[in-house]
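Breakdown of the fold
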Amino acid sequence: MKWEYLREEEFKDAIERSGGLCVLPIGCLEKHGQQCPVGTDSLKAMRITEEAAELEDVMVFPVGMWLGDVSGACTIENPIEKGKAGFIALKTETILTVLEELCDEIARNGFRKILILNSHGGNKPILNVFLRRQGCAKRNYATMVASVRSRVTYDPVTFYEHMLEHRSEYPVLTDTDMEVLKTWAEKGTWGGGHADFTETASVMGYYPELIALDRLDAEDGMSTHKADYLQDAGISIVGGWGVNFPNDIDGFPSYGVTQSIGQAFNTFCARELAKTFKMLKNDEKCVQIAMGTLK
């Protein structure tokens, strides 16, 4: 169910059908190399969530393409000239305020379980702060956060082995696709996690027209290692990732990527997500846990 598609009188039934669960996918707007659109994180968050909701009926709240933490971009002057165009960087307090008011409004409409599905690594710190603030405010509903992606997809070896074992469940995959996935499994890594093979494939699975295949290796995605000395010393610093990956790619060029691989990747993520939806729809303890009333 999509929130914006319902008529006013349909919400009461929607709450019952969803088990009181409303899902809020979020990403961001930022550069993803030269082969992917700036809306990569938000686009895949939205579409994977919608595909999962077709398998397990829940309420899906409209995604805010711009609702994500890319605060490191705030320091960039003349982004067009510096190859950093497309970023929308809101202040941290603005993002927290928007999330808090959105969740309060979703709960006011009768949904007592809110699951934020994150698709942008840079959102993790602010979402941790958000959960802490929600807990301190003693809301009468549960706020939860999860990744829109399955953990299996972060490891090319495990992902390839799953596809090999369950090949019949993904008829879209060709023999050539399987050879491509095998090659990545032999590497043992997608190379990073930002604008890498998996993100390129995911967007291509839904929006092939948005991927510039002729730009897969337009910029270098390997680390400069300039900020490694701080990480090695156990020190976190704002801007460290950007210094190490100035082209906003963390990964090898996405050679071999196809729409069919992307479709299989997205379907796998959606099926795993649907299992999470089913669990939360039938669970009331999560609300008690969030409220601190579980005995």
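Structural data are supplied above this passage.
Quick summary incoming for the structure in this document. (Residues numbered from 1 in each chain as written. Predicted model: local features only at pLDDT ≥ 70, side-chain atom pairs only at ≥ 80, totals over all residues. Heavy atoms only, no water.)

1. Let's talk about the layout of surface pockets
Size it by volume and the largest pocket reaches roughly 1300 Å³. Taken together, 44 residues form the lining of the largest pocket, with Asp69, His120, Gly121, Gly122 and Trp241 sitting closest to its centre. Those elements that provide at least two residues to the lining of the largest pocket are α2 (40-55), α3 (92-108), α4 (124-136), β4 (142-147) and α9 (240-244). Take the lining of the largest pocket: its biggest share by element is 7 residues, from α4. Here the lining of the largest pocket is composed, by residue class, of 18 nonpolar, 16 polar and 10 charged. Computed from the structure, the second largest pocket encloses a volume of approximately 190 Å³. The wall of the second largest pocket is formed by Ala146, Ser147, Val148, Arg149, Ser150, Arg151, Cys269, Glu272, Leu273 and Thr276. Contributions of two or more residues to the lining of the second largest pocket are made by β4 and α10 (259-281). Ranked by residues supplied to the lining of the second largest pocket, first place goes to α10 with 4 residues. In terms of residue class, the lining of the second largest pocket is built from 4 nonpolar, 3 polar and 3 charged. (1 Å grid on protein atoms, 1.4 Å probe; cavity = no way out; pocket = protein on both sides within 12 Å on 5 of 7 lines; lining within 4 Å. Points joined across faces, edges and corners; volume = space filled by probe spheres on them. Helix = DSSP H or I, 4+ residues; strand = E, 2+ residues; numbered from the N terminus. Nonpolar A, V, L, I, M, F, W, Y, C, P; charged D, E, K, R; others polar.)

2. Observations concerning the packing of aromatic side chains
Considering all chains together, one arrives at 11 aromatic pairs under this definition. Considering the side-chain rings of Trp184 and Trp190, the 5.8 Å spacing of their centres and the 40 degrees angle between planes classify their relative orientation as tilted. Given a relative accessible area of 3%, Trp190 falls into the buried group. Their ring planes at 40 degrees and their centres at 4.9 Å tell us that Trp184 and Phe197 sit as a pair that is tilted. With a gap of 13 residues between them, Trp184 in helix α6 (residues 175-187) and Phe197 in helix α7 (residues 197-206) connect regions that are remote in the sequence. This pair shows no difference in class: Trp184 is buried, exactly as Phe197 is. (Phe/Tyr/Trp six-rings, centres within 6.5 Å; stacked < 30°, edge-to-face > 60°. Buried < 20%, exposed > 50% of the residue type's maximum accessible area, 1.4 Å probe, protein only.)

Function cannot be inferred from these measures alone, as they are strictly geometric.
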